[in-house]
Each structure stands twice: as structure tokens, then as C-alpha cells.
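Fold and contact review
Residue strings, one per chain:
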Amino acid sequence: MKKLILALGGWLALTGLACTPHATEKNPAILSSPDKQIVLQFYLSEEGVPYYSVDVAGSPFILPSRLGLLAQEADFSAGFTLSGIQRSKHKEIWHQPWGENKTVLDEHREMKVKLRSGAGDAVNVCFRLFDDGLGFRYDIQSQQDTLTITEELTEFCLAEDALSWSLPGDFNSYEHLYREMPLSAVRNANTPFTFRRPDGLHASIHEAALYDFPEMVLENTSGTAFKAVLAPYKQRERTVRAIVPGSFHTAWRTVQIARDAVGLVNSSLILNLNEPSRIDDTSWIKPMKYIGVWWSLHLGIENWGGKEHGATTERALQYIDFAAANNIQGVLFEGWNSAWDGSNAVPDFDFTQAAPDFDVERVAAYAREKGVEYITHNETGGNFVRFEDQLERSLDWARELGIHGLKTGYAGGGLYGGYPRHGQVGVRHFQHVVEEAAKRHIMVDGHEVIKATGIRRTWPNFMTRECARGMEYNGWSNGNPPSHHEVLPYTRLLGGPMDYTPGVFDVLYRNIADKPQVRTWGRPGNTCRVNTTLVKQMANWVVLYSPMQMACDLLENYEGHPAFQFFRDFDADCDESHALQGEVGAYISVVRRAGERFFYGATTSEEGRVLSEPLSFLEKGVRYKAVIYADAPDADWKTNPYAYEIREQEVSSKDTLSVVLAPGGGQAISFFPLP
Ligand code: CA
């Protein structure tokens, strides 16, 4: 009898008959993923408090968890009645101008739960279930002109403990090392917050389509139960989180779910929860490889300004020549403008004013002549107000110089004026830059900006961003441990591309041993290094996806180096990607197809290992020349990081390669079809 009522309830809701729908604890509203493996239940408690729960493959995954928001002007937490449930099915194949995969399937089931508060405000909770996870968001239509959001009540009460990987819930920086610990030991975490249950189920909590709202982090409320916490409006603000119009919707709260670790990497859920492109003509948006004056500044052998200035006209022309000769599409010169000297003070930036020894017009003209894209760099030191004041003028100026790339930086703690970097004001600013850049056909690479939530689908000129500990930390700190690179693909990169700036060949800084340190901050002396083998740096060009992919080392370390042929051949504009095998924090292998060629990368943590890799991803019936860049048999990130081998082999999709990875090592392979 109970089953009959359930089925009838679903049918009534579906057909929208004029009767009062129910969603009670005993008789919840139910939504299943297309493959029926993920089942969500929604109900209102007797007090009218909304709850949801999720089962995966018949067992509890998220226990009943609260939904709701609080505002100063209105209460969206309890006293709700259900005014309707709307269900729909969706299946669509869509395309993007660039991405891990240019063709994406979006297949989901939707359930829009329409709630009415005691005060008469409407709150719709829209749930979408995919085979690879779920998303839900709040759509509020209140009677207020403005709402002052003070708290989000969303909970993720996870059914059982699991091993997790996360960054701390810091509203000003993502540049921390990942923590591997049980869910129950995590006090707070930023997202993507990834975990693996004892039964092998992998999941990651994050958000999608974050606009004009603060970021969400998670706070442990007890055991394995987590609650959303929004970044405050101002740094020391205790109450206000966001100021929004009376009608608005939040970002999607998302949970990616997969049977194995690489399933998370292969998921397109975050992109599927973003809107189609708002840029009609995307022909000017092109992935690229790039080099530039940057690493020398972090190594401390040159500076952003002053007498050891790195970005001089002469050096810039040299980089442009090298790019043109090596199939590299872009160049970047940090410290090109006056005022920025690498300190975190708030200097008098002008984003059109070059340093005295940098002839920007000549450099830009030379880049145009050589067919190389010049990426301009605007370091703001966190002074986003000064940047906004100059934004339109400086972007107009860049466009006139034929510049189609902009890297931004917000070094330091929070944003000028006492705003947290990941708060609503920051989110709004970063988006404003992207939209103004789009108007002028400029692509953006954001450093120290808000985390990636899939906005690249809607604004495909927002190519890449940093938002994690990148290469720079190896220049002036104890650096990133080897396993950092096997955590990033399963955490940070689930949100979107990362400008990690891989590719240091001189991992022990041998070639600069006799150069004096000119920097006044960071760790003095030559005690730092890159904690990988040379080949792992190459594999990271494939593994750590970025449509603007940098070879970050000094030119001198690439000139004449046989292994640099891989980057020369590599194509940052891939069509299709597959994460093949891996475990979070341990290893990963990825293949990307670009036209008829394939590029493969595999990396491992401190532990060496051998992967058996079937080449079934290759086109059937085609013979390929595989150029294999491998760690030498005696290579080791700690003791022998430079040792590598290059081998050539003819292969087909029927072959299986044995991929030997040294401790802290990797392997990179180019596959070229044979005629
Ligand atoms: Ca940074």
C-alpha cells in the first residue's frame, strides 16, 4: 500500500494536477539519477524545515541534512509549506571552444521543490541528479528589495567516515598544502573537498557557477557531519555574509560521485551546472603554450623592479624569438610595469606604464611581427579598487597593442579595503575583470583569484587560474612535496584548469648556483629545489590541465635540451581527455587527444611504481610512433632527479605499455600517427 501511495504521489507531481503535494519524512519526494544509482529524498519536517538525503547504489551516502538560509530581513530556515514539485528530464550534447573535452554530454533529472515561507516568500530548491553526482541550489523570490544574508544552513551529513583530502577553510588563500585525514578529523575544509570511503566510493563536495556571492567552505559540526559556511562580507565581519537582491539564486552546491578516483577527474558535472557561453564569437579564444620572465623572480636571481630588473626589453625580445622558433604561442613578462617590486605593499600601480628599461610598444610590436601572443601582467597587490579604476583604460590600451592575454595577480592577504579575497566583493570583482576583458577579446589567467567553479563554460575567455600552491613555492620555501601533484588532479582541478606553471628542467638549480640572490624576502640561499624528477615536470604538462600551459624554466635550461622536444610537440588545445588510472595522493595517468596526436602523462608520489597501460585509447587500426620520455632506471626525485631516457617505439591500440615511474617521477609520451 505504501508503495502505491509513493508511486501515486510521484505521478501526481509529474502531471501537476491541482492537489497539494506532500514531502514528509514518511513520504518524501524522490529523484533518481538517469542510471538509478543515485537516489535523493527531500522532505519537510513537522516544523517545516527542509531536509535532503542521498543513497548511492542502495546504501546511505548523505544522511538527512538540513537546507536553508538566513537573512536579516527574512527567515528561510523553517516554517515552510510545499507549494509544488516540478520534474524534468534533460539530455543534451554540447560543445565548447576548448576544454579537456570539447564535446560534453549533459544528462540529468531535475526536481524543483517549491517552498513558501510563513511570511509568504518563495524559495525553490532545484535538485539535479547526474550519473556522476548531484547539484542543488536555492532560488529565492522574496518580497524584499535587498537581502542581507547572514548564514547558509546547508548540511552534508556524510553517512560514514572516509579518508579525505582538503585545504583548510581559509577565505583569503588556497596556497596551502593538502591534508590527508579522516573526515571525522577535519575541522574545516575548502572545496573541492574529496574523500574515499572504505567501500571504494569516491566523492568531492564543491560548488558550481559562483557569481556575486561568497565562497562556501565546510565546517565539521560533529563526527562526519559538515555545514556550509560562507566567507564574510568584510574580514572582521561576524554577521553579514552577502548583500543580494530580494530575488536571487545561490551557486550550485555539488557532490561529484564516482566508483574510482579517476572517475572524479573524468566527470563534467561542474561544467554541466554552468550556463552556455555568453560570448557568441569565440573564434579569438585559443589555448596556447607560453613562456616568460617569471621563474627567475621566484628563484631570486632577478627582480620585479630595480637594478636587477628581469623584464627588460632585451630579454623580452629573446623570449619572443625563442617562442617563435619553438612552436610556443605566448610570452609573459612579469614586472614589466613600473611600481611593482615584488613586495606586498600597496604601490602606485599604473597598468599602462612600463618600467624605464622595458619598451612595451617595441616588445608588443615585435611579438606581433613574430606571430607570438603577448600576455600582459597586472599585479595589483590586492588593490582591486585601483585596478577597477584603470580597468577599462588599461584593457583598451592592451587591445590597441594587439594583446589578447591578461594575467592578474592579487599578492598578499585579503583585498584592499578589508575584504576577504573569496568574499562576495572579490567574486564580483574577478568576474567584472573577465567580462570587461571579453568585450576586448582578451583571455584571462587569474592568480590569487576565486576558486574555479566552471564559469569557463559561460565565459570561455577565463582560461585558467592558480588558486592552489603552484610552482612558485619551490622558489622560496620548503616547496611542494612530490605527492602534491597527485592530489591536485583529484581536488583543485575538479573545479577547472590550473596555471601551475610546470616544466622546471633544472630541478636542483645547478645552473644558477653561482648567481647571487637579489630578493629580500623568502628563504635566503640556494637551499630550495623542485621535489620531482625532470620527467615528472614534463608529465605535469599533460596531467595538470591548463589551456594556457607554461614552460616556466629559464630559456637557458631549455636551449638544446633533447627532452624539450616534448613541449615543442605538445598541443595545449586538446579535443578529448581521459584520466586512465590512479589513486588520490599516489599516482595518475592521463591521455589527451589533440587532432590525430595523443599526449600521455603519468606521475607518481614519493613511491616509485610500474603501470600497465593498455593503449586502447589510440585510434583502432592506426600505427603510431610513440616518443617516450622516461625516468632512467636509476632516477629518483631525491638523489638522481635529472636522469632520463628518450625511446621511440611503434605501437597500436592493441599494445600495452609498461610505464615505469621512479620515486617522485613520471613519464610523458607523444603519439604520432604513421602514414
Ligand atoms: Ca600565487
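Residues numbered from 1 in each chain as written. Predicted model: local features only at pLDDT ≥ 70, side-chain atom pairs only at ≥ 80, totals over all residues. Heavy atoms only, no water.

Some thoughts on empty space enclosed by the protein
What counts, and what does not: A pocket, in this scheme, is an open set of points on a 1 Å grid over the protein atoms alone with protein on both sides within 12 Å along at least 5 of 7 lines, while a cavity is a set where a 1.4 Å probe fits but cannot get out; residues line either one if an atom lies within 4 Å of a point. Grid points are joined across faces, edges and corners, and a volume is the space filled by probe spheres set on the points. Strands here are runs of E lasting at least two residues and helices are runs of H or I lasting at least four, both read from the DSSP assignment and numbered beginning at the N terminus. Note that Gly is not counted as nonpolar here; it falls among the polar residues with everything else outside the nonpolar set of Ala, Val, Leu, Ile, Met, Phe, Trp, Tyr, Cys and Pro and the charged set of Asp, Glu, Lys and Arg.
Tallied over the entire structure, the rule returns 9 cavities of 30 Å³ or more. Lining the largest cavity are 26 residues, and of these Glu100, Val265, Asn266, Ser267 and Leu493 sit closest to its centre. Mapped onto the lining of the largest cavity, the elements with two or more residues apiece are α2 (261-265), α3 (269-272), α11 (492-495), β28 (576-583) and β29 (587-594). Split into classes, the residues belonging to the lining of the largest cavity amount to 13 nonpolar, 10 polar and 3 charged. Its boundaries defined by the atoms lining it, the second largest cavity holds a volume of some 90 Å³.

With respect to the confidence of the model for the chain
For clarity, the threshold we go by: On a scale of 0 to 100, pLDDT captures the predictor's confidence in every residue. We call two residues in contact when some of their heavy atoms are within 4.5 Å.
Within the chain, residue pLDDT values average 94, and 95% of them lie at 70 or more. Confidence over residues 1-19 falls short of pLDDT 50; this stretch has 12 contacts with residues more than four positions distant or in other chains.

What about the sheet that holds strand β26 (residues 462-465)?
Rules: Only strands that DSSP links by at least two bridges are regarded as paired with each other. Helix axes use the C-alpha atoms of the stretch in contact, all axes being lines fitted to C-alpha atoms, and the angles between their N-to-C directions lie in the range 0 to 180 degrees.
As summarised here, the arrangement of the 7 strands in space is β26-β25-β24-β23-β22-β21-β27, forming an open sheet in which the pairing is parallel. The sheet is open, and its two borders are formed by β26 and β27 (548-550), each paired with just one other strand. Neighbour-to-neighbour, the strand axes of this sheet turn through a mean angle of 25°, independent of strand direction.

As for the coordination of the calcium ion
The following threshold applies: Here a donor is an N, O or S atom found within 2.8 Å of the metal, or within 3.2 Å if the metal is Na, K or Ca; sites may look incomplete because water is not among the atoms.
Glu175 (OE), Glu448 (OE), Glu466 (OE), Glu466 (OE) and Glu472 (OE) make up the full set of protein donors to the calcium ion, lying at 2.3 to 2.6 Å. Donor residues for the calcium ion, ordered by position in the chain, follow E-x272-E-x17-E-x5-E. With glutamate 175 in the loop between β12 (163-166) and β13 (179-182) and glutamate 466 in the loop between β26 and α9 (473-476), this residue pair connects regions lying 291 residues apart in the sequence.

Brief notes about helix α12 (residues 534-543)
Filter applied, for reference: Only protein chains enter the area calculation, which uses a 1.4 Å probe; residues under 20% of their type maximum are buried, those over 50% are exposed, and those in between are partly exposed.
Most of α12 sits inside the fold, with 10 of its 10 residues counted as buried. Taken together, the buried positions of α12 are Leu534, Val535, Lys536, Gln537, Met538, Ala539, Asn540, Trp541, Val542 and Val543.

Structural notes on the sheet that holds strand β32 (residues 624-631)
What the 6 strands build is an open sheet, ordered β28-β29-β30-β35-β32-β33; its pairing is antiparallel. If you trace the sheet from one side to the other, it starts and ends with β28 and β33 (644-651), each paired once. Across the sheet, the mean angle from the axis of one strand to that of its neighbour is 15°, orientation sign disregarded. Running at roughly 125° to strand β30 (residues 597-604), α12 makes contact with β29, β30, β32, β33 and β35 (666-673) of the sheet.

Thoughts on the nonpolar core
Burial of nonpolar side chains together is a common tendency in soluble globular proteins. Heads up, the condition is: The criterion is simple. A nonpolar core is a set of buried Ala, Val, Leu, Ile, Met, Phe, Trp, Tyr and Cys residues joined through side-chain atoms within 4.5 Å.
Counting residues in hydrophobic clusters, the biggest one holds 179 residues, and the most contacted among them are Phe42, Phe61, Phe127, Ile149, Phe333, Phe358 and Tyr374. Here this core takes 7 residues from helix α8 (residues 424-439), the largest share from any one element. Discounting chain neighbours no more than four positions away, the residues touching phenylalanine 42 are Ala23, Pro28, Ala29, Pro50, Tyr51, Tyr52, Leu67, Met111, Val113, Leu115 and Phe127. The next biggest cluster of nonpolar side chains, apart from the first, holds 20 residues, and it includes Tyr587, Val591, Leu615 and Phe617.

Concerning the side chain of histidine 485
Inclusion rule: For this analysis, a polar contact is any N or O atom pair within 3.5 Å, provided that within protein one partner can donate a hydrogen and the other can accept it, and provided that sequence-adjacent residues contribute only side-chain to side-chain pairs.
Examined against the element boundaries, histidine 485 turns out to sit in helix α10 (residues 484-487). Judged by its relative accessible area of 1%, histidine 485 falls in the buried class. Polar side-chain contacts of histidine 485 include one of 2.8 Å to the side chain of tyrosine 500. Among all residues touching histidine 485, those that are not within four sequence positions of it are Tyr500, Thr532, Lys536, Asn540, Leu544 and Thr603.

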